[in-house]
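Summary of the model geometry
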Amino acid sequence: PANILPKPSWLKAQPATSENYLSLRSTVRELGLATVCEEAKCPNIGECWGGGGEGDEHSAATATIMIMGDTCTRGCSFCAVKTSRKPGPLDPEEPEKVAEAIRKWGLDYVVLTSVDRDDLEDQGSGHFRKVVMKLKEKHAAVGKNILVEALTPDFRGDLNLVENVATSGLDVYAHNIETVERLQRRVRDHRAGYSQSLSVLEHVKKVNDIALTKTSIMLGLGENDDDIRQTLQDLRNIDVDVVTFGQYLQPSKRHLPVKEYVTPEKYQEWQEEAEGMGFKYVASGPLVRSSYKAGEFFLKNLIK
Ligand code: SF4
Ligand code: SF4
């Protein structure tokens, strides 16, 4: 069909073959963890799981783990996750099980993320908090540290629920704004919103001045340069530390079509512009996902 743009060559991923990656993959199967890396067929899996490749002294294996089930109460038009108004109940053993599995896996940096659970009284924030605390506790018990990033729902802007997660001992609080203000309604579920997401990120800084805040913007949805600039300014105004840009890819024909494949050169321009605005870390590229090689960067630069 005429409205489907051909995929450009720069979106082809590298094959994942490093030894570290292969051993991590067999471990993850045994441990029964659900990773976004695999489920979303993320093109960066070799780099993230492999931790930067052999011979890299800053190597830091990163993975993104899904908690609170695989079914979301929302239906964002860019997202491939299953939707239901009433997903199954939470597994009360999950904090213990996930924390133990991640400890055995031996990651340096883990991103925990979840579906949105509008059906639960606390929208799952208490459960999220428990998983982070267990993870830190289990690693500390064997004399290790793991850096934890929580990539969280908006909790419908309920700042008490945000605080619950923000004060759990995490290192990075991530919440994605996803797109520019003008396109929010078209792209995200009607319960999400631009100013609501900004208020979440702003609150985290108020209750935890050690953790970094982070957000991601998908490009190729029909935004223009001014829209993006305004979003970056709004994020800097509330002191967001980290921003990532990546290409939106349509997961299926039922999802929002891609309006544009943004060129690698343009991503480079956004990288430089955002760095110039004072973000502490910027990852920008067609294949960048919010958690792209996060561990490598954070261990090297930001977290002591
Ligand atoms: Fe997907 Fe998150 Fe939207 Fe749920 S809230 S549909 S998981 S993007
Ligand atoms: Fe996993 Fe994120 Fe890396 Fe993709 S970018 S492999 S989802 S950690």
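Scroll up to find the structure this text is about.
One structure accompanies this document, and this report is about it. (Residues numbered from 1 in each chain as written. Chains lettered and ligands numbered in written order. Predicted model: local features only at pLDDT ≥ 70, side-chain atom pairs only at ≥ 80, totals over all residues. Heavy atoms only, no water.)

1. Details of the overall build of the protein chain
What counts, and what does not: The helix count covers DSSP runs of H or I at least four residues long, the strand count covers runs of E at least two residues long, and both are numbered beginning at the N terminus. Only the C-alpha atoms count toward the radius of gyration. The rule for a globule is 2.2 Å times the residue count to the power 0.38. For each residue, the accessible area found with a 1.4 Å probe, counting protein chains only, is set against the maximum for its type, and the residue is called buried under 20%, exposed over 50%, and partly exposed in between. For every accessible area listed, the method is Shrake-Rupley and the probe measures 1.4 Å; residues are considered covered only by the protein chains on display. Charged residues are defined here as Lys and Arg on the positive side and Asp and Glu on the negative side; His and the ends of the chain fall outside this count. Taken as the charge location is NZ of Lys, CZ of Arg, CG of Asp or CD of Glu.
Summing up its helical and strand segments, the protein chain has 11 helices and 9 strands in all. Taken over the C-alpha trace, the protein chain has a radius of gyration of 18 Å; the compact-globule value for 304 residues is 19 Å, and the two agree within 12%. Structurally, the protein chain occupies a C-alpha span of about 55 × 45 × 40 Å along its principal axes. When the 304 residues of the protein chain are sorted by exposure, 53% land in the buried category. Summing over all exposed atoms, the protein chain offers an accessible surface of approximately 14000 Å²; the carbon and sulfur share of this is 49%. The protein chain carries 39 positive and 45 negative side-chain charges, and their two centres are separated by 5 Å.

2. Points about the sheet that holds strand 9 (residues 281–284)
Selection rule: In short, DSSP must find at least two bridges between two strands for them to pair. To get an axis, a line is fitted to the C-alpha atoms, and for a helix only the part in contact is used. The angle between two axes follows their N-to-C directions and goes from 0 to 180 degrees. Should any heavy atoms of two residues lie within 4.5 Å, those residues are counted as being in contact.
In space, the 7 strands of this open sheet follow the order 1-4-5-6-7-8-9, with parallel pairing throughout. Two strands in the sheet have a free side with no partner beyond their single neighbour: strand 1 (62–67) and strand 9. Here the strands of the sheet are splayed against their neighbours by 20 degrees on average, with no regard to which way each runs. Bridge count for strand 8 (residues 242–247) against strand 9 is 4 bridges, and the pairing is parallel. Bridging from a neighbouring strand, T244 pairs with A283 of strand 9. Docked against the sheet, helix 9 (residues 225–237) engages strand 7 (212–219) and strand 8, running at close to 170 degrees with respect to strand 7.

3. Looking at the pattern of salt bridges
Short version of the rule: Every case where a carboxyl oxygen of Asp or Glu lies within 4 Å of a side-chain nitrogen of Lys or Arg is listed as a salt bridge.
Per the stated rule, a full pass over the model turns up 27 salt bridges. One salt bridge connects K205 with D239, and the closest N-O pair in it is separated by 3.9 Å. Placement of the pair is K205 in helix 8 (residues 194–207) and D239 in the loop between helix 9 and strand 8, with a sequence separation of 34 residues. Among the ionic contacts, a cluster of salt bridges with common partners joins R74, D116, D118, D154, R156, D189 and R191.

4. Description of the packing of helix 5 (residues 125–141) against helix 6 (residues 159–166)
Which entries qualify depends on this criterion: Orientation labels follow simple angle bins: below 35 degrees gives roughly parallel, above 145 gives roughly antiparallel, 65 to 115 gives roughly perpendicular, and whatever is left gives oblique. Following the grouping adopted for this structure description, the nonpolar residues are Ala, Val, Leu, Ile, Met, Phe, Trp, Tyr, Cys and Pro, the charged ones are Asp, Glu, Lys and Arg, and the polar ones are all others, Gly among them.
Orientation of helix 5 relative to helix 6, taken along the N-to-C sense of each, is 10 degrees, at an axis distance of 8 Å. It follows from the interaxial angle that helix 5 and helix 6 lie roughly parallel. Facing S125, G126, F128 and R129 of helix 5, the residues of helix 6 in contact are L161, N164 and V165. Considered class by class, the residues forming the contact of helix 5 with helix 6 number 3 nonpolar, 3 polar and 1 charged.

5. Some remarks on helix 1 (residues 19–31)
Under the convention used in this document: Here the expected length of a helix is defined as 1.5 Å per residue gap, with one fewer gap than residues. As used here, the arc belongs to the directions running from the helix axis to the C-beta atoms.
With 13 residues, helix 1 should cover 18 Å at 1.5 Å per step; its first-to-last C-alpha distance of 19 Å lies within 8% of that length. Residues Y21, L24, T27 and V28 constitute the buried set of helix 1. Seen along its axis, helix 1 keeps its buried residues to an arc of 125 degrees; they face one direction. Away from the buried face of helix 1 by more than 90 degrees, exposed residues E19, R29 and E30 are located. On its buried face, helix 1 sits against helix 2 (36–39), helix 3 (45–50) and helix 4 (94–105).

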